[in-house]
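Spelled out, the chains give:
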Amino acid sequence: MEKPMTGKCRCRTQSWYIVLISFLLWFTLFYLYSSSITFSKKGDSFLDSSSESFHDVVRQETVGSGDVNDSGDNMEDQGNNDRKPIKFFIDGDDKHNIDQVLGLDKDLEADNQTVLSEEINDTDQSVNNVNSMEEKGKGTESVSEDQPVDSLSDTSSMEEDQAKQKGEDNADQDQPVESIPIVKSRRERAKRSRRRNRNRPPVEKRIESVNVEPIRQNRVRAESDSFSCTGKYIYVHNLPRKFNQDLLDNCRSLSFWTDMCECASNLGLGATLPSNDKLYSRTCWFATNQFLLEVIFHNRMKQYRCLTKDPSIASAIYVPYYAGLDVGRYLWDTDGFMRDYDALNVVKWLATRPEWKKMWGRDHFLVAGRINWDFRRDPKNESDWGNELLNLPESRNMTMLVIESSPWNNNDFAIPYPTYFHPSTDDDVFQWQNRMRRLKRRVLFSFAGARRPNLHESIRNEIIDQCLATRRRCRFLECDKTRKCHKPEYLMKLFQNSIFCLQPPGDSYTRRSIFDAILAGCIPVFFHPGSAYVQYIWHFPKDYNKYSVLIPASDIKSGDANIERTLLRIPRERRAAMREEVIKLIPKVIYADPSSRLWAIEDAFDLTIKGVLDRVETVRNQMKDGKEVNSEFDEEESWKFFTFGKLGVHEWDPFFSSKLGKIGT
C-alpha cells in the first residue's frame, strides 16, 4: 500500500483545524459577551436591539456544557436541560428596583408587558403568570420578543407546583409597593440584563440574603451597646502633659532607690517575670510596683467600653493625674511648697473648666496610687509628711481613689493594690483559679514581713515570736535583712504552701501582701477591721467570716490569743469553704492587662468603676433633692456608714475610737 507523502493522515489535520476554529469562535463570543457587561456598567453599549439575539446565541452555545460548580469557575449557566429558563440575578445597584418589580400586581403587568418581559422569564413565579396570560391570549408578541413562548410552555408541571408553593411561602415578601420603577426604553432593559452575573445565586435565594439586612443587625448591635452604656458614660479630661506623661518621660527622677523606668514599662505593669512553671502560669506575670496603680488604671481607662467625648452625657469624669508619682518625688523633702505645687495647679485647672461647674466637681474622680496619709498633710505643719491634695476644698468634692482610705473621711475610697498577675483573657483567670484549688498546702499559717520596733502599737513582734515558737506549723519570711519580700517567687511559694496568711498592720493598716496572698488562694488573717473590711467595700464581701479570720490585735498584744490554737479550732470543712471563697475573690482583686480585655469576668478596675458611678449617682440625686451631700452622717463615722449603711453602736467602735490610721502619730 502506498504511504501518504506527508507521513500524516489528512483527516487528523482537518480535525485539529476544526477544533481550533471552534475554540476561536467560542472565545470570540465569550469576549463579546464579557465586553457587553463591562460597557453596560459604564452606561455605554455597542449592542443595541440585537442584544437579545446575542444572549440567545450564547445560551445555545453553552446549554450542554453541564452544571456550574460552587466556586463559580465555569462561566456556563446551571441547567439540566436546554429548556430551563434563564434565571435573573440581582445586581447590587438594582436591589431596590428588583424588590419593587417583584411586587407588581397583575394589572400593572398587563399595562407594562413590554417592560416586564425579562422579569417574567427570570423567575419561576413569573412563568406561571406568563402561562396564565397565554391562556387569555394576552402579551404573546411581547413575550416572544425576549424568549420563545414554546420554550416556556415546555417546562414541567413539577416546576410549576414548586413555583406556586414558593409563591405562597413568600407571600409576605412579595407585597405590592407604592412606587413602580418605569423602564423608558429597550436600551435600558438591555443594559440592566447585561449587568447580570451568571455565577450569582438565583433571585429567590438572593432575596433571602437581602432580607437578612446586615446593616440592620449592625444597628441593633449599636443600639444594644448604647443601651448597655446608659448611665455608664465616662469623660476623660485632657490634662496638660506635666500632670501625667511628663512624669513618665522623666522616670529617673521618680525615686532614689527604685528604677521606676523599668517599673513603668508595659503600660505600668513592669518587666515580665521569668518563666517559673512551678509558681506561675506561663504568661501574664509582671514585676509590678505597687505605686504604679494610677498608670495601670489610666491605661485600663483607655480601653473602657463607654468612653465619651461629650461631657454633657457623661455620668462621671475621670482626672488622669498621677498624684502618687508626683508627690513621691518630694516625700522626703522638707520643702512643703514643692510637694503641693502640682496638686494645687491641677485643682485650679479643673475649677476653670466648664465640666466642673456642672456639679462643682462632685462627678469627678481621681486615682492616687498611694495610701491616703501621703495626701493628708496637716495644713498647719508644712514640714509634716505628704502634701495637702485630699484636704483641698476642690478635692473634697471629688471621689478620690487610693490604695488605703481614711476611715474618718468621706471623700476617699480604697481600691486593691496591684498584684503580679495581669491576665489577658478570661481563661487565664479560670486556669489560675483551678490551679490554686488543686494545690496541697502543708503549712497551717505563715507570715512575710519585718518587725516594727519603733512602733509601740504594732503587734508584729508578737506575731513573729508566735510563728517562730511553732515552726512546724508556721513559716516566716523575714524582710528586713534580705529583699526576698520584694521578689515574687519567694512570696508566691510561701503563700501557695500555706492555708492561712497573717496580715497585721504595718506602716499603715493595709498591705500589698493581702492581695498577693488572696492571689495564691491563702486565707487572710486580719487583726484590725481597718486592714480590709472598711477599706475595699466595692471588692470584698460584707460577710467577712466567709473568706477571712479576725483576731483582735488587742488580744495578741495582751497575750490572750494564740494564733496557732485559734486556727486549729476551725474545722477542715470550713477551711475548705473559706479557701474556695478566697479563690472566687481572685478576679476581683486583680487588674487585667491594659492591652487586652476580659469579657466574662469583672476585675478590680470594673468593680471600681461601678462603685464610682453608684456614688456619683447618689450624690447627684441628693443635689437634685436639694439635700446637703453626705449630711446624713458625721464624717468621723464614715467607715460605719459606707460599710454597713447605717449608724449606731457597733462592736468595732473600739478599733476606731482613736485615729490610728497613720501609724506612729
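Keep in mind the model is a prediction, meaning the values are calculated, not measured.

A.B. asks: Help me out: how do you make sense of the sheet that holds strand 1 (residues 234–236) in this one?
C.D. replies: The sheet built from 5 strands is open, its strands ordered 1-2-3-4-5 with parallel pairing. Pairing within the sheet leaves two strands with one partner each, and these edge strands are strand 1 and strand 5 (412–414). Between one strand axis and the next, the sheet turns through 30 degrees on average, direction left out of account. The pairing of strand 2 (residues 316–319) with strand 3 (residues 364–367) spans 3 bridges and is parallel. Counted as the bridge partner of Tyr-318 is Phe-365 from strand 3. Relative to the sheet, helix 15 (residues 293–301) contacts strand 1, strand 2, strand 3 and strand 4 (399–402), its axis offset from that of strand 3 by approximately 130 degrees.

A.B. asks: Explanation requested: the sheet that holds strand 10 (residues 549–550) in the structure shown.
C.D. replies: Sheet strands associate in pairs through backbone hydrogen bonding, adopting either a parallel or an antiparallel arrangement. Read from one edge to the other, the open sheet built from 5 strands follows the order 7-6-8-9-10, with strand pairing classed as parallel. Two strands in the sheet have a free side with no partner beyond their single neighbour: strand 7 (474–478) and strand 10. As paired elements, strand 6 (residues 443–449) and strand 7 share 5 bridges and run parallel to each other. For Ser-446, the partnering residue across the bridge sits in strand 7 and is Arg-475. In the packing of helix 22 (residues 488–496) onto the sheet, the strands contacted are strand 6, strand 7 and strand 8 (498–503), and the crossing angle to strand 6 comes to about 155 degrees. Strand contacts of helix 26 (residues 572–585): strand 6, strand 8, strand 9 (523–526) and strand 10, with the helix running at about 100 degrees to strand 9, the strand carrying the most contacts.

A.B. asks: I tried to follow the state of the cysteines on my own but got confused; where do I start?
C.D. replies: In protein structure, a disulfide is the covalent linkage between the sulfur atoms of two cysteines. If you walk through the whole model with that rule in mind, you get 5 disulfides. Between the sulfur atoms of Cys-229 and its disulfide mate Cys-306 the distance is 2.0 Å. Between Cys-229 and Cys-306 the disulfide shows an S-S torsion of about -80 degrees. By sign, it is left-handed. One end of the pair, Cys-229, is in the loop between helix 12 (214–228) and strand 1; the other, Cys-306, is in the loop between helix 15 and strand 2, with 77 residues separating them in the sequence. Cys-306 shares its class with Cys-229; the two are buried.

A.B. asks: Can you help me understand unusual backbone geometry in this one?
C.D. replies: Glycine aside, negative phi is the norm for most residues, and most peptide bonds take the trans geometry. You will see that Asn-266, though not glycine, has its phi angle at about 55 degrees, which is positive. Examined against the element boundaries, Asn-266 turns out to sit in the loop between helix 14 (260–263) and helix 15. What makes Asn-266 partly exposed here is its relative accessible area of 39%.

A.B. asks: I tried to follow the packing of helix 20 (residues 426–438) against helix 26 on my own but got confused; where do I start?
C.D. replies: Two packed helices can be described by the angle between their axes and the distance between those axes. Close contact between helix 20 and helix 26 brings their axes to 10 Å; oriented N to C, the two are set at 160 degrees. Viewed along their axes, helix 20 and helix 26 adopt a mutual orientation that is roughly antiparallel. Of the two elements, helix 20 crosses helix 26, and the hand of that crossing is right-handed. Between helix 20, through Gln-433, Met-436 and Arg-437, and helix 26, the contact on the second element is made entirely by Glu-580, Ile-583 and Lys-584.

A.B. asks: Looking at this structure, I do not really get the packing of aromatic side chains. What am I missing?
C.D. replies: The relative placement of two aromatic rings is captured by the distance of their centres and the angle of their planes. By the definition in use, this model includes 32 aromatic pairs. Centre to centre, the rings of Trp-26 and Phe-30 are 5.6 Å apart; their planes meet at 5 degrees, and the pair counts as stacked. Placement of both Trp-26 and Phe-30 in helix 1 (residues 10–42) is noted, with a separation of 4 residues, approximately one turn of the helix. A relative accessible area of 34% means that Trp-26 is categorised as partly exposed. Here Phe-30 falls in the partly exposed class, since its relative accessible area comes to 25%.

A.B. asks: So what exactly am I meant to see when it comes to the pairing of strand 8 here?
C.D. replies: Each regular strand carries side chains that alternate between the two faces of the sheet. Counting buried positions along strand 8 gives 6 out of 6 residues, so the element sits mostly inside the fold. Sheet topology note: the strand 6/strand 8 ladder contains 3 bridges and is parallel. Counted as the bridge partner of Phe-445 is Phe-500 from strand 8. The pairing of strand 8 with strand 9 spans 4 bridges and is classified as parallel. Residue pairing across strands places Gln-503 opposite Phe-526, the latter belonging to strand 9. What joins strand 8 to strand 9 is helix 23 (residues 513–519), and the crossover it makes is right-handed.

A.B. asks: Sorry if this is basic, but what is going on with the pairing of strand 6 here?
C.D. replies: Of all 7 residues in strand 6, 7 are buried, a share of seventy percent or more. For the segment spanning strand 6, helix 21 (residues 460–469) and strand 7, crossover handedness is right-handed.

A.B. asks: How should the side chain of Asn-409 be read in this particular structure?
C.D. replies: Relative to the assigned elements, Asn-409 resides in the loop between strand 4 and strand 5. For Asn-409, the residues in contact, after removing those within four places along its chain, are Arg-376, Arg-396, Glu-635, Ser-638 and Phe-642.

Scoring rules and cut-offs
- Residues numbered from 1 in each chain as written.
- Predicted model: local features only at pLDDT ≥ 70, side-chain atom pairs only at ≥ 80, totals over all residues.
- Heavy atoms only, no water.
- Pairing = 2+ DSSP bridges.
- Helix = DSSP H or I, 4+ residues; strand = E, 2+ residues; numbered from the N terminus.
- Axes fitted to C-alpha atoms, helices over the stretch in contact; angles between N-to-C directions.
- Contact = heavy atoms within 4.5 Å.
- Disulfide = S-S within 2.5 Å.
- Buried < 20%, exposed > 50% of the residue type's maximum accessible area, 1.4 Å probe, protein only.
- Parallel < 35°, antiparallel > 145°, perpendicular 65-115°, else oblique.
- Left-handed = near helix turned anticlockwise from the far one by under 90°.
- Phe/Tyr/Trp six-rings, centres within 6.5 Å; stacked < 30°, edge-to-face > 60°.
- Right-handed = clockwise from strand over helix to strand, strands pointing away.

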